[in-house]
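Survey of secondary and tertiary structure
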Amino acid sequence: MTVNNYPLTLLYDGACPVCMLEMDNLKARNHQGLLRFVDISEAGFDPTPLGATLAEMNALIHAQRPDGSLVIGVEVFRLAYTAVGLGHFTHFTAWPIFKPLVDAAYLLFARHRMLASRIAMPFITWLAARRALGRSLACKKGACELPVSNHERNAS
């Protein structure tokens, strides 16, 4: 049986700076529209229809396939990176020799992502500014595409 993974809805914590940095990266590369983004930290987000609790979703990243099934943890990143043409950077993470190590490392990171965000804040700020400058320069050349927030998308 073949599983259809796309469009894949990424359920991420928008209150986490490292998480937002990664989602911004994926949004910028989502040219084929294979990824959807839902910020679970937004007021009114209800995980109940997904069959998961907010605590579970905050513990590990989740994504939802078109059939409603959930993908959890590093597999979310493998699918997301594949969707934006960067799967070659993550395919090794599924190899039996690396998978347990990568899964354990991600679990450790996810548990301490807010601390990691605080430690990495100077880098996050620098990278976000650099990306914003790149988008600004692209706009001046006529290739401007502004990301749409979930709030703006829901309002239309």
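Scope of this entry: the structure provided in the associated data block. (Residues numbered from 1 in each chain as written. Predicted model: local features only at pLDDT ≥ 70, side-chain atom pairs only at ≥ 80, totals over all residues. Heavy atoms only, no water.)

In this structure, Leu8, Leu10, Met23, Leu26, Leu35 and Phe37 are the most contacted members of the largest nonpolar core, which totals 21 residues. Contributing elements (two or more residues each) for this core: strand S1 (8–12), helix H1 (17–29), strand S2 (35–39), helix H3 (74–83) and helix H4 (99–111). Not counting the four nearest positions on each side in its chain, methionine 23 is found in contact with Leu10, Tyr12, Phe37, Ile61 and Phe77. (Core = buried A, V, L, I, M, F, W, Y, C linked by side-chain atoms within 4.5 Å. Buried < 20%, exposed > 50% of the residue type's maximum accessible area, 1.4 Å probe, protein only. Helix = DSSP H or I, 4+ residues; strand = E, 2+ residues; numbered from the N terminus. Contact = heavy atoms within 4.5 Å.)

The next thing to look at is the side chain of asparagine 30. Mapped onto the elements, asparagine 30 comes out in the loop between H1 and S2. Look at asparagine 30 and you get buried, because its relative accessible area is 15%. There is a polar contact of 2.8 Å between the side chain of asparagine 30 and the backbone oxygen of leucine 35. Residues contacting asparagine 30, with those up to four places away along its chain left out, are Leu35, Phe37 and Val84. (Polar contact = N/O pair within 3.5 Å; in protein donor to acceptor, adjacent residues only side chain to side chain.)

Another point: the layout of surface pockets. Roughly 340 Å³ of internal volume is contained in the second largest pocket. In terms of lining, the second largest pocket is formed by 23 residues, of which the most central are Glu22, Ile61, Phe77, Tyr106 and Phe109. Elements with a minimum of two residues in the lining of the second largest pocket: S1, H1, helix H2 (54–59), H3 and H4. Split by residue class, the lining of the second largest pocket holds 16 nonpolar, three polar and four charged. (1 Å grid on protein atoms, 1.4 Å probe; cavity = no way out; pocket = protein on both sides within 12 Å on 5 of 7 lines; lining within 4 Å. Points joined across faces, edges and corners; volume = space filled by probe spheres on them. Nonpolar A, V, L, I, M, F, W, Y, C, P; charged D, E, K, R; others polar.)

It is worth spelling out the packing of aromatic side chains at this point. Counted under the stated rule, the structure contains five aromatic pairs. For the ring pair phenylalanine 77 and tyrosine 106, a centre distance of 5.6 Å and an interplane angle of 70° mean the geometry is edge-to-face. Taken together, the positions of phenylalanine 77 in helix H3 and tyrosine 106 in helix H4 put the pair 29 residues apart, joining distant regions of the chain. With centroids separated by 6.4 Å and ring planes inclined at 40°, the aromatic side chains of tyrosine 106 and phenylalanine 109 adopt a geometry described as tilted. One end of the pair, tyrosine 106, and the other, phenylalanine 109, are both in helix H4, three residues apart, so they sit about a helical turn from each other. Of the residues examined, phenylalanine 109 reaches a relative accessible area of 29% and is grouped as partly exposed. Each residue in the set Phe77, Tyr106 and Phe109 is aromatic and connected to the rest through ring pairs, giving one cluster. The residue whose ring lies beneath lysine 27 is phenylalanine 37, and the NZ or CZ to ring-centre distance is 5.4 Å. (Phe/Tyr/Trp six-rings, centres within 6.5 Å; stacked < 30°, edge-to-face > 60°. Lys NZ or Arg CZ within 6 Å of the ring centre and 35° of its normal.)

This next bit is on the side chain of arginine 78. You can see arginine 78 is positioned in helix H3. Relative accessible area serves as the criterion here: at 8%, arginine 78 is assigned to the buried category. When near neighbours in sequence (up to four residues on either side) are disregarded, arginine 78 contacts Thr90, Thr93, Ala94 and Lys99.

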